[in-house]
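Analysis of the macromolecular model
Chain residues, written in single-letter form:
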There are 2 protein chains.
Amino acid sequence: MFNTRVKVKELLSTTPENQNVTVMGWVRSFRNNQFIALNDGSTNNNIQVVAELGVFDEELLKKITPGASLKVTGQLVASLGKGQSVEVKAAEIIILGECNPDTYPLQLKNRPSLEYLREIAHLRFRTQTFSAVFRVRHALSFAIHKFFNEKGFFYLHTPIITASDAEGAGEMFKVSTLPFDNPPRKEDGSIDFSEDFFGRATNLTVSGQLEGELGAMALSEIYTFGPTFRAENSNTARHLAEFWMIEPEMAFYDLEDNMNLAEEFIQYLIRYVMANNREDLDFLAQRLADEEKQKPQAERSEMGLIEKLEFVVNNKFERITYTEAIDILLQSPAYKKKKFQYDVKWGIDMQSEHERYLVEKHFSKPVIVTGYPAAIKAFYMRQNEDGKTVAAMDILVPGIGELVGGSQREERLGKLEQRMREMHIPVEEMWWYLDTRRFGSVPHAGFGLGFERMMLFVTGMTNIRDVIAFPRAPKTAEF
Amino acid sequence: MFNTRVKVKELLSTTPENQNVTVMGWVRSFRNNQFIALNDGSTNNNIQVVAELGVFDEELLKKITPGASLKVTGQLVASLGKGQSVEVKAAEIIILGECNPDTYPLQLKNRPSLEYLREIAHLRFRTQTFSAVFRVRHALSFAIHKFFNEKGFFYLHTPIITASDAEGAGEMFKVSTLPFDNPPRKEDGSIDFSEDFFGRATNLTVSGQLEGELGAMALSEIYTFGPTFRAENSNTARHLAEFWMIEPEMAFYDLEDNMNLAEEFIQYLIRYVMANNREDLDFLAQRLADEEKQKPQAERSEMGLIEKLEFVVNNKFERITYTEAIDILLQSPAYKKKKFQYDVKWGIDMQSEHERYLVEKHFSKPVIVTGYPAAIKAFYMRQNEDGKTVAAMDILVPGIGELVGGSQREERLGKLEQRMREMHIPVEEMWWYLDTRRFGSVPHAGFGLGFERMMLFVTGMTNIRDVIAFPRAPKTAEF
């Protein structure tokens, strides 16, 4: 048994009584050949290990460099130093793994940039910024499961590999075991997918929603939380080829129920992280404040990270219709001064600049927009009585834009089939989806929350590649 | 707002005081034109809705068929009937969605087989068996997160798409956006993957372990819980092409720590489900007992499902070395009577028949086998002093065989590189993995638990395709 350590997080909240403790971790810094800041990832804070002068071998002390791993046994005592209440007075220090300071990419003094850290994503977990980010990511994930579990939702694992390409949510990755070099072909020269692993062409899923609906039509309330994929060639700070999405789907919900749930959900998540990861958030807030200082005054956020999160938790989201949103844009100084790059009129798919105007300039808070034109939304959204809009809702938040997209689903078989034909969705292939409308159909609704966008919102990080461990994007599949 | 209902699960534990309630769900049965068994998936039990004779329209009553969805408002009253303590005396019944009994595939009387239900996996959630299975799946999933969260582990989302093919754990699915028909080629005629989405050839991950280690080398204790893939052409009741795996990875753990964690983990999960899903387990236990009755006496399990789960929770797992396991097999009546299909000698990769002998006949309990021959295990397992075995551990359980595979990892750079070269693993490509051994390496360990195998063990289902919502297997990618 090797695992005899006490975690740093626990040590830091333990009353020091000169008790013997073992702590293990990586060196963050070593001052005056005497004070070791040791971290084990359990918290952003370090435990100070004191190696009294003259007690330890010079050869050993030389190996205590940033990044080296140690096993320290000693007494937990009250600390006289600033910034900590306890420290470990080392009786024994064992070097578990050395770390050559001449080659170690993460030397604290260098203040490596976020861009550089992306290239060494296998090591960036060891920085304060990224250990905080990934602890928050854990906390948010757990909060998601906790929220739904408490409400009696069931976690459904929808398939990753799918033969269905009907959702039309974006370009898809192909999945195959056929030899690329020389795939089997049919007589007409086309690829013979019947010889592929699944006996047909398959892709990586872009959404678990349709399968989620199947679950909700029996279990009432389900949610998914898993990876989804888009083969979009977008090399931006907002897009990933592989990202995680949460998609709850609820029988017996209309659009209003859907909005209420989504709003409650987002507020719950933020509240959870604020209660459980305050130190991480404080660190990230400071990081963001430092980053903002580099910007011209006009581009800086009006609120700090913590302020912004508190604001979202404590205020109802604004709810407006798409038609109202377009009117606001048309009345805006930005529109009148021709500051928008893209045109504004009823029927457009609002661009990021429009969404940001609404949430950041006009309302200064999260906004739920409902009743989008049917023409710009997916086939499964419930058709409104006006014959031109659908019961869709998007939640837009400051700094991020669209965080949630959802809708009440079209539960009426005839209307759904008609819409599918209009949109050239293969009705026959989707027999299983339509069966839910054939046999005991019910009003139902759901939404999708992009997990990494939520992470950006909560951590104040600005590049989506910095909130997922190993980002996948065009020409990027390292690690 | 449509969602005014009270869930059946909640109603069934509410004290009836003639209060007005709304309940929504699907009809399971309708007896005597009067008693509706309504279910909403929140529990295996139904709420009885009483439609008093003469009160409701004949046309309405005709539409109350199995599978139809209803909204019922009425009074919650004490029930005089058998099997329930409360029932709803209907004041209003609204048919939300009809269900044609002539075409509805799930007519209770037919007792559809599990095989048939696999073909209509989009509807099988509505059966008692599968709603129980998927509620248990949710509970197990939640218990996994709860266990690790309580222990201070961080949930890490390791990548699904990977350019690394070094793990050698099995055949992989290729992921690409190249046109299959006419892919770009290099001058030598080979496929030019530099033009593919990621600028290189990519696959679906077979394990998140290597990336998990990167996280553990900073955050100390992490776990993954996500989909993994094998393109193995195995059309069996035990294999899936897409399955979910839990892979914890812990810094500062040796093999014994690893075993202790795995054992505690499995017992925790079972205890959680027994405490939270007893009704589902009781139903599944009965189902299994009925299934067992179809078998010849000799093939029946000695224990019922609940008994078996209690046994696992209340008994320490047996711990033996691989060498001891081989000795037991060589001494066994089965071996002496030549009942094993595959040969037994030191060095073999034990077959299912051997593992089952050990756990089902010899020990009658879960067994942890350690110290496997290096030759049959992966490159990253820590080499023992004997020069021929590694610090691996497999956990074998009755009825399933291998449930967990894990090891202490080789943390010594020189030994790891040497082993990689021996096994023809590309050392240069794996620079990022080796960096963790270069910079502050520490003893660490981890394991993988196949989620669907755990599901089989806990639910008593016997085909792995019956414990995942939409199974993926050779020639199988429906829904």
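Every value quoted in this text rests on a predicted model; they were computed, and no experiment measured them. (Residues numbered from 1 in each chain as written. Chains lettered and ligands numbered in written order. Predicted model: local features only at pLDDT ≥ 70, side-chain atom pairs only at ≥ 80, totals over all residues. Heavy atoms only, no water.)

Another point: the packing of aromatic side chains. All told, the structure shown has 60 aromatic pairs over all chains when counted by the stated rule. Residues Phe439 of chain A and Tyr104 of chain B carry aromatic rings whose centres are separated by 5.2 Å and whose planes lie at 50 degrees to one another, so their mutual orientation is tilted. Of this pair, Phe439 of chain A sits in the loop between helix H13 (431-438) and strand E16 (444-450) while Tyr104 of chain B sits in the loop between strand E5 (86-97) and helix H3 (114-119), placing the two residues on different chains. When sorted by exposure, Phe439 of chain A lands in the same class as Tyr104 of chain B, which is buried. Chaining the aromatic ring pairs together yields one cluster made of Phe125, Phe130, Phe134, Phe470 and Phe479 of chain A together with Phe379, Tyr380, Trp431, Trp432 and Tyr433 of chain B. We note Lys388 of chain A situated over the ring of Trp346 of chain A; from NZ or CZ to the ring centre the distance is 4.7 Å. (Phe/Tyr/Trp six-rings, centres within 6.5 Å; stacked < 30°, edge-to-face > 60°. Helix = DSSP H or I, 4+ residues; strand = E, 2+ residues; numbered from the N terminus. Buried < 20%, exposed > 50% of the residue type's maximum accessible area, 1.4 Å probe, protein only. Lys NZ or Arg CZ within 6 Å of the ring centre and 35° of its normal.)

Moving on: the sheet that holds strand E4 (residues 69-78) of chain A. Residue and element names in this part refer to chain A. Taken in spatial order, the five strands close into a barrel running E1-E2-E3-E5-E4, and their pairing is mixed. The average angle at which neighbouring strand axes cross in this sheet is 55 degrees, direction not considered. Summarising the sheet, strand E1 (residues 20-31) and strand E2 (residues 35-39) pair through five bridges and their orientation is antiparallel. Residue Ser29 lies in a different strand from E2, and its bridge partner there is Ala37. (Pairing = 2+ DSSP bridges. Axes fitted to C-alpha atoms, helices over the stretch in contact; angles between N-to-C directions.)

Chain B puts 124 residues into the contact, and the matching count from chain A is 124 residues. The largest contributions to the chain B side of the interface with chain A come from His157, Phe180 and Phe439 of chain B, which together make up 9% of the buried area. There are eight salt bridges connecting chain B and chain A. Its salt-bridge partner being Glu221 of chain B, residue Arg5 of chain A comes within 3.8 Å of it at the nearest N-O pair. Per element, the largest residue contribution to the side of chain B that touches chain A is ten residues, and it comes from helix H4 (residues 128-150) of chain B. Of the residues in the side of chain B that touches chain A, the class split is 61 nonpolar, 34 polar and 29 charged. Here strand E8 (residues 174-176) of chain A pairs with strand E8 (residues 174-176) of chain B via three bridges, running antiparallel. By the bridge assignment for E8 of chain B, Ser176 of chain A is matched with Lys174 of chain B. (Contact = heavy atoms within 4.5 Å. Buried area = accessible area lost by both parts, 1.4 Å probe. Salt bridge = Lys/Arg side-chain N within 4 Å of Asp/Glu carboxyl O. Nonpolar A, V, L, I, M, F, W, Y, C, P; charged D, E, K, R; others polar.)

Once that is clear, we can look at the domain arrangement of chain A. All names here are of chain A. What the domain assignment reports for chain A is domain 1 (2-104), domain 2 (126-161 + 207-466) and domain 3 (172-205). Every contact between the two is made by eleven residues of domain 2 and, on the other side, eight residues of domain 3. When domain 2 packs against domain 3, the two sides together hide about 750 Å² of surface, and 69% of this comes from carbon and sulfur. At the boundary of domain 2 with domain 3, the tally comes to zero salt bridges. One can count three residue pairs in polar contact (both at pLDDT 80 or more) joining domain 2 with domain 3. Counting residues per element, the side of domain 2 that touches domain 3 draws most heavily on strand E10 (residues 221-229), which supplies three residues. Partitioning the side of domain 2 that touches domain 3 into residue classes produces seven nonpolar, three polar and one charged. (Domains from an automatic or database assignment. Polar contact = N/O pair within 3.5 Å; in protein donor to acceptor, adjacent residues only side chain to side chain.)

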